[in-house]
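Read off the chains here:
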Amino acid sequence: MEEFRRSYSRLCRESGAEPQEAVLQQLHQLPRGRLDLATQSLTVDTCRALGKLLPRETLCTELVLSDCMLSEEGGQARQGRSPLLGCRFLSSNIPATGAEALGKLLQQNKSIQSLTLEWNNLGTWDDAFATFCGGLAANGTLQQLDLRNNQISHKGAEELALALKGNATLQQLDLRWNNIGLLGGRALMNCLPSNRTLWRLDLVGNNIPGDVLRAVEQAMDHNQDRLTTFQENRARTHVLSREVQHLREEKSKQFLDLMETIDQQREEMAKSSRASAARIGQLQEVLSERHSIINALKAKLQMTEAALALSEQKAQDLGELLATAEQEQLSLSQRQAKERRLEQQEAAERESKLLRDLSAANEKNLLLQNQVDELERKVKGQQEQLFQTRQELTSMSAQLKMQAIQAEERLDMEKRRSRQSLEDSESLRVKEVEHMSRHLEESERAMQERVQRLEAVRLSLEEELSRVKAAALTERGQAEEELIKAKSQARLEEQQRLAHLEDKLRLLAQARDEAQGACLQQKQAVVEAQTRASQLGLQLEGLRRRLEELQEDLSHKDQERVAEVSRVRVELQEQNGRLQAELAAQEALREKVAALERQLKVMASDHREALLDRESENASLREKLRLREAEIARIRDEEAQRASFLQNAVLAYVQGSPVRTLSPPK
């Protein structure tokens, strides 16, 4: 402000005049931006200096020039303040040329809100006052105008009426103690329906009939009611905008929280998918191990087949040995036949010798008769012995044949028994291997199907997430009145949903732990099956050794072999029972997997129901907003009807009522 004083002094000295002390004192004080120069006799040089300085000064917000007795030159010099933007209130006592300057000022100025021009006799100059009214019509910031005691006639009132039709910001107009009269009052009354911002018009002391004053009061009351409703609506809209902004922030926070929870769920799903992938890898490793076990069992089966081939070869060797024995028996029978033929030849030779002895000893027949009889008896005894030897040979050959047949039957029976036992064991091994392979393939297919279902659930959740994001983005642009209740309900529902989701996640974690336990049990069962397979391999080796021992001692180990075969059958039955128990456990695991899938379906249905509830809430809020907009439109229509009714009533009242005495306003 010291700089403002120095500038004022410098401008006064440049114009060849001394600065006024009263002005310097007011510039030194300048309380709260108010420059009070009332009752000061301002010179033309002072007005010119102030006209040059005030447009550049932003601290001066109020200028008071009451009763300054400005001359015509001072009013023209003050016209330089027309671009002033920081001045809020003006109070002056100006001549005729100042009115034109004020009109130009009102046309160009964008900050003056109050203008006090009482006791200025502006109405005595029609042209100047018309210029002032034109500036008032073009002004868009002035709210208060005081024109008391300005000698305004009915022509000036008509100019003011035209200005009020074009002005949309003036709220208070004071025209007391002028010369408006009936014509000016009616002109002002006729312009009021087109002006909805003026809510205070003082017309006391203007010789206006009472009915016109009452019509003006009714129009002012109507404008004041409209202003109050407008202010209330603006306050409500401001409050609603704040509430909407607050709710948008809350919605954005909730949306961010929802996105965080969704991200957490995604991370958990990723973790679960990684865990499932790890489990699948483990199951694949277990499957590869089982495949290796199956290959080992196949190798053992091949070994058993090789052992069976060896046993068959040994059986062939035994058959060859039997054939050699039969050949030896045939050779023995041939030797015996040769011996019998030799004995027969010897007997024939003996008979020939005896005949020769008989021919030679005919002469000695008598003497040798006894000897001949004896020899005959000997021959008969030898024949009997020969017959007995023949019978013995036939019986021996029959016995040997019977023994050979029995040996062959026993060998065939042993072969059939050994083949039957080997075929039974081989069929059991093949069935066990096929059962294990089918079980592994079924478990692998079930795990693949479960992975595919989980992937489909993940894709559906991502789609639902995108839909939820789109719904949240659409919800952000909507404004509702009763969102406080909806916010509390949404918070409660979100808390309940979060609690429900936490329970479901806990149940899923428990189910996952149970599935892991079941996988561990299955691994243990696989290890037990491997141990049993190794035991079975050892048992197969023992059986092979036992078969070799049985082949070596077929005649002595029949009962032991039957007992061994029965024991092996009992063990195989026990193994079948264990495998059936494992199948039952796997069926229980499948049931658990189905229960988990049902739980996932229930979660998806709950999520869909929550989305439907949210959509229904949005629809209800949209319906409420539409009803409120309809109510606002109805209120506006009612106000327009009231204004039209009031205008018609005022016109009817003015045209039909007699002239009454002037009554002061309330």
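Please read all numbers here as calculations on a predicted model, not as lab measurements. (Residues numbered from 1 in each chain as written. Predicted model: local features only at pLDDT ≥ 70, side-chain atom pairs only at ≥ 80, totals over all residues. Heavy atoms only, no water.)

## Structural notes on the overall build of the protein
A tally of regular secondary structure across the protein gives 12 helices and seven strands. Counting over 666 residues, the protein shows a buried share of 32%. Carbon and sulfur atoms make up 52% of the accessible area of the protein, which totals about 41,200 Å². (Helix = DSSP H or I, 4+ residues; strand = E, 2+ residues; numbered from the N terminus. Buried < 20%, exposed > 50% of the residue type's maximum accessible area, 1.4 Å probe, protein only. Areas by Shrake-Rupley, 256 points an atom, 1.4 Å probe, with all protein chains shown as cover.)

## Observations concerning a negative patch on the surface
Taken together, the side chains of E100, D126, D127, E158 and E159 define an acidic patch exposed on the protein surface. Contributions of two or more residues to the negative patch are made by α6 (126–138) and α7 (154–166). Its location among the elements puts D126 in helix α6. (Patch = residues over 30% accessible without salt bridge, like charges linked within 9 Å, V, L, I, M, F, W, Y side chains within 5 Å. Salt bridge = Lys/Arg side-chain N within 4 Å of Asp/Glu carboxyl O. Lys, Arg positive; Asp, Glu negative; His and termini not counted. Charge placed at Lys NZ, Arg CZ, Asp CG, Glu CD.)

## Some remarks on the nonpolar core
Grouped together as the largest cluster of nonpolar side chains are 43 residues, with contacts concentrated most on L145, L147 and L175. Counting residues per element, the ones that place at least two in this core are α5 (96–108), α6, α7, α8 (181–191), α9 (210–360) and α12 (558–656). Of the residues forming this core, the biggest block, six residues, is contributed by α9. If we ignore the near neighbours within four places in the chain, the residues touching L147 are L117, L122, F129, F132, I152, L160, L173, D174, L175, R176 and N178. Core analysis: the next-biggest nonpolar cluster, separate from the first, contains 13 residues, V23, L35, L42 and L50 among them. (Core = buried A, V, L, I, M, F, W, Y, C linked by side-chain atoms within 4.5 Å. Contact = heavy atoms within 4.5 Å.)

## Quick notes on the packing of α6 against α7
One way to put it is that α6 packs onto α7 with a least axis distance of 8 Å and a crossing angle of 15 degrees. Looking at the two axes, α6 sits roughly parallel to α7. As α6 runs across α7, the sense of the crossing is right-handed. Across from F129, A130, C133, L136 and A137 in α6, the residues of α7 making contact are G156, E159, L160, A163 and G166. (Axes fitted to C-alpha atoms, helices over the stretch in contact; angles between N-to-C directions. Parallel < 35°, antiparallel > 145°, perpendicular 65-115°, else oblique. Left-handed = near helix turned anticlockwise from the far one by under 90°.)

## Some thoughts on helix α1 (residues 2–14)
With 13 residues, α1 should reach 18 Å at 1.5 Å per residue; the first-to-last C-alpha distance of 18 Å fits that figure. For α1, every residue scored as buried is listed here: F4, S7, Y8, S9, L11 and C12. G16 lies just past α1 and shows a positive phi near 85 degrees. (Expected span 1.5 Å × (residues − 1).)

## Comments concerning unusual backbone geometry
Positive phi, close to 55 degrees, is recorded for N149, a residue that is not glycine. On the secondary structure map, N149 appears in the loop between β5 (144–146) and α7. Relative accessible area serves as the criterion here: at 16%, N149 is assigned to the buried category. Even without glycine at this site, W177 takes up a positive phi of about 60 degrees.

## Quick notes on the UniProt feature "coiled-coil region" (unreviewed entry) in the protein
According to UniProt, the feature "coiled-coil region" (unreviewed entry) maps to residues 294–328 and 358–638 in the numbering used here. As annotated, residues 294–328 comprises 100% helix and 0% strand, and the C-alpha atoms at either end are separated by 49 Å. (UniProt positions renumbered as here; feature names shortened; annotations may be inferred.)

## Quick notes on the pattern of salt bridges
Under the definition given, this model contains 12 salt bridges. Between E118 and R148 there is a salt bridge, and its shortest N-O distance comes to 3.1 Å. In this pair, E118 is assigned in the loop between β4 (114–116) and α6 and R148 in the loop between β5 and α7, connecting sequence segments 30 residues apart. Taking the relative accessible area as the measure of exposure, E118 reaches 28% and is therefore partly exposed. For the salt bridge of R614 with E617, the shortest nitrogen-to-oxygen distance reads 4.0 Å. In this pair, R614 and E617 both sit in helix α12, three residues apart, roughly one turn of the helix. When its relative accessible area of 19% is taken as the criterion, R614 is described as buried. Beyond isolated ion pairs, a larger network of salt bridges with shared partners links E118, D146, R148, D174 and R176.

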